[in-house]
Amino acid sequence: MRKTTLIIFFCLLFFHSGAQNLSFSDSASISIITCSPGQEVYAKFGHSGIRVSDPVNNKDLIFNYGIFSFDTENFYYKFIKGETDYFLGVHPTDFFLPEYKNRNSMVWEQVLNLTVTEKRRIINALLENYKPENRMYRYNFVFDNCATRPRDKVLNSIDGHVMFHNTSEAKTFRQWVGVYVGNDSWVKFGIDLVFGMDADKSVSQYESMFLPEVLMNEFQMAQVVNMSTKETRNLVASKNVLVNVETEQLEEGSWMTKPLAIFLVVMLVVVLLSAFEINNKHYYKILDSTLLMVTGITGIIVFYLMFVSSHPLVKYNLNILWLNPLNVVAAILIWSKRFRIPMFIYQIVNIGLLILALIAFALSFQNFNVASFPLIVMILVRYSSWVVRTKHKLDRKSKFVIKNNITESSK
């Protein structure tokens, strides 16, 4: 990543003074560049760019809408809030391609079948975008990213109607994410915790092009229809491989390291501890406090994303039913006998919320990650155990008070 940052820095420095005065001849070709996914989380979905190659003026540049910096002030806070700013960078193709070869990513080029007028429109739009006051934009994972921007620049410049041919099966946003990160991965588990009900809506053909490889496949089969003459032409004139790498056979991680397997084991251990408590009358209060604190902190993140963040797909998240933000407070109050009765009532409410979460899980009101199921069951067991144990204590205390009152009255 440091190497990438340095390359980008020097490219931007190089073009800072001259990029606004760039000129291209009518013989320039315009291509969509698609890079296959990398191993890092931020590279899991691949990348897109626009290449402008002009041999007459000896220019070969890639316009890249995927530039960001981890060094940005308050980067992680802005990322969580959904206020991450990306910007358009311009760098020579010779600088761009080696980076993807080093990370073992394929790079494809689709030379577009454009008229001179259409090419000029795209080039002018790119240069306008690269002006200092225009190059930065508010990144949006599914609606405004490094793939949707090139798509829109091309489609907005075409004379005629671009007809696509549905090259992929209909999926939801959640399902598309699973295709690229794996449905049983830790990344998918984390994403499913913060994705809400909107992530389960079916994605339109146009919306699915937020993924670079989908964009590439859709463009490859697309045709441009002249609305006056009804003549058609292919949107893509030719497709080339710019970086060809050896396909690596990634080793599948053991099922024992997957979220579902680990949480099933954790659930089993907690259930056994709960049974041990009943037989030995020994209460593991620290276990309940830890569960409350962990679910509470996670719930705060979910709550924040739902009501404060501008990220898409995180609203109306039913995970909030079992990830109660107030559990952070309950994790502390559980240690005080003074709050035994309020906590008793609170845990009864929590049990109700957990049951609602299981119902939502079963009826697919929202697609929960399957690894959440053992967690919800485990927490339900602990809360129920706490409620039963506390009720016995309150009953004994009540009987003791009544007995003392009777004794005092008989004197």
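Model, not experiment: these values are computed from the prediction. Throughout, a residue's number is its position along its own chain's written sequence, starting from 1. Local features in a predicted model are, by the rule used here, given only for residues with pLDDT of at least 70; side-chain atom pairs are given and counted only at 80 or more, and totals for whole chains, interfaces and linings are based on all residues. Excluding hydrogens and water, the side-chain figures rest on all heavy atoms present in the structure.

**Remarks on the packing of helix α6 (residues 173–181) against helix α7 (residues 186–194)**
Where α6 contacts α7, the axes come no closer than 9 Å and their chain directions differ by 160 degrees. One finds that α6 runs roughly antiparallel with respect to α7. Handedness of the α6/α7 crossing: right-handed. For the pair α6 and α7, the contacting residues are Arg-174, Val-177, Gly-178 and Val-181 in the first and Val-187, Lys-188, Ile-191 and Asp-192 in the second. By the convention adopted, Pro, Cys, Tyr, Trp, Phe, Met, Ile, Leu, Val and Ala count as nonpolar, Lys, Arg, Asp and Glu as charged, and the other residues, Gly among them, as polar. Tallied by class, the residues present in the contact of α6 with α7 amount to four nonpolar, one polar and three charged. Here, axes are lines fitted to C-alpha atoms. For helices the fit covers the stretch in contact, and angles between N-to-C directions go from 0 to 180 degrees. The numbering of helices and of strands both runs from the N terminus, where a helix is a DSSP run of H or I of at least 4 residues and a strand a run of E of at least 2. Here is the rule for angles: anything less than 35 degrees is roughly parallel, anything more than 145 is roughly antiparallel, 65 through 115 is roughly perpendicular, and the remaining ranges are oblique. Crossings are assigned a handedness: left-handed for a near helix turned anticlockwise from the far helix by less than a right angle, right-handed for a clockwise turn. Only heavy atoms enter the contact rule, under which two residues are in contact if any of them lie within 4.5 Å.

**Describing the pattern of salt bridges**
Definition used for salt bridges: Asp or Glu carboxyl oxygen within 4 Å of a side-chain nitrogen of Lys or Arg. Counting across every chain of the model gives 18 salt bridges. Arg-51 serves as the salt-bridge partner of Glu-109, at 3.1 Å between the closest nitrogen and oxygen. Taken as a pair, Glu-109 in strand β5 (residues 107–112) and Arg-51 in strand β2 (residues 47–54) lie far apart in primary sequence, 58 residues in all. One salt bridge in this structure joins Asp-200 and Arg-174, with 2.6 Å as the shortest N-O distance. With Asp-200 in the loop between α7 and α8 (212–221) and Arg-174 in helix α6, the pair connects residues that are 26 residues apart, well separated along the chain. We note that Asp-200, like Arg-174, is buried. When salt bridges that share partners are traced, they join Arg-174, Lys-188, Asp-192 and Asp-200 into one network. Relative accessibility decides the category of a residue: with a 1.4 Å probe and only protein chains considered, values under 20% of the type maximum give buried, values over 50% give exposed, and everything between is partly exposed.

**As for the nonpolar core**
Core analysis: the largest hydrophobic core is formed by 52 residues, its most contacted members being Val-52, Phe-63, Leu-112, Phe-219 and Leu-235. Elements represented by at least two residues in this core include exactly β1 (29–35), β2, β3 (59–67), β4 (85–92), α4 (116–129), α5 (148–155), α6 and α8. Sorting elements by how many residues they give to this core places α6 first, with five residues. Those residues in contact with Phe-219, other than ones at most four positions away along the chain, are Ile-32, Gln-110, Leu-112, Arg-151, Val-154, Leu-155, Phe-164, Met-209, Leu-235 and Val-236. Tyr-283, Trp-322, Ala-357 and Ala-360 belong to the second-largest nonpolar core, a separate cluster that totals 36 residues. For our purposes a nonpolar core is just a set of buried Ala, Val, Leu, Ile, Met, Phe, Trp, Tyr and Cys residues, chained together by side-chain atoms within 4.5 Å.

**Describing the sheet that holds strand β7 (residues 161–163)**
When DSSP finds two or more bridges between a pair of strands, those strands are recorded as paired. Strand order across the open sheet formed by three strands is β7-β8-β9, with antiparallel pairing between neighbours. For this open sheet the edge positions go to β7 and β9 (232–234), each flanked by a neighbour on one side alone. For this sheet, the mean angle separating the axes of adjacent strands, direction not counted, is 30 degrees. By the bridge criterion, three bridges tie β7 to strand β8 (residues 223–225) in an arrangement that is antiparallel. If you follow Met-163 over to β8, its bridge partner there is Gln-223.

**A word on the sheet that holds strand β10 (residues 236–243)**
Overall, antiparallel pairing links the seven strands, which are arranged β6-β4-β3-β2-β1-β5-β10 in an open sheet. Looking at the sheet topology across the chains shown, the edges are occupied by β6 (136–138) and β10. The sheet shows a mean angle of 25 degrees between the axes of neighbouring strands, direction not considered. Packing against the sheet, α4 makes contact with β1, β2, β3 and β4, and its axis sits at approximately 55 degrees to β3.

**Quick look at the state of the cysteines**
In this description, the term disulfide denotes a pair of cysteine sulfurs within 2.5 Å. Summed over all chains, the structure comprises zero disulfides. Cys-35 forms no disulfide, and the closest cysteine sulfur to it belongs to Cys-146, at a distance of 8.6 Å.

**Focus on a nonpolar patch on the surface**
A surface patch of nonpolar side chains, amounting to about 690 Å² of accessible area, comprises Met-197, Tyr-316, Ile-355, Leu-356, Ile-359, Leu-363 and Phe-365. For Leu-356, a relative accessible area of 46% puts it in the partly exposed group. Residues with no salt bridge and a relative accessible area higher than 30% make up the patches, which join like charges within 9 Å and nonpolar side chains (Val, Leu, Ile, Met, Phe, Trp, Tyr) within 5 Å. Using a 1.4 Å probe, accessible areas were evaluated by the Shrake-Rupley method; residue-level cover was limited to the displayed protein chains.

**Overview of the pairing of β4**
In terms of burial, β4 is a largely internal element, six of the eight residues being buried. With five bridges connecting them, β3 and β4 associate as antiparallel partners. In the strand pairing of β4, Phe-63 is matched with Val-90. Pairing between β4 and β6: three bridges, direction antiparallel. Across the sheet, the residue bridging to Phe-87 is Met-136, located in β6.

**Some words on the environment of Phe-164**
Positionally, Phe-164 belongs in the loop between β7 and α6. The spacing of Phe-164 and Tyr-206 is 42 residues in sequence and 8.9 Å in space, taken between C-alpha atoms. Residues in contact with Phe-164, not counting those within four places in the same chain, are Leu-155, Gln-205, Met-209, Glu-218, Phe-219 and Ala-222.

**A word on α8**
The element α8 is largely enclosed, with a buried count of seven among its ten residues. Looking only at α8, the buried set comprises Pro-212, Glu-213, Val-214, Leu-215, Met-216, Glu-218 and Phe-219. The inward-facing, buried residues of α8 contact β1, β2, β5, α5, α6 and β10.

**Focus: unusual backbone geometry**
With a phi angle near 65 degrees, Lys-230 is a residue other than glycine that sits in the positive phi range. Residue position: Lys-230 is located in the loop between β8 and β9. Within the chain, Leu-313 stands out as a residue other than glycine whose phi angle is a positive 70 degrees.

**A closer look at the confidence of the model for the protein**
pLDDT measures the predictor's confidence residue by residue and takes values from 0 up to 100. Mean pLDDT for the protein: 88, with 89% of residues reaching 70 or above. Per-element confidence in the protein is highest for β5, whose mean pLDDT is 98, and lowest for helix α1 (residues 2–16), whose mean pLDDT is 45. Confidence drops under a pLDDT of 50 for residues 13–18, and excluding neighbours within four residues, the segment shows six contacts in the predicted structure.

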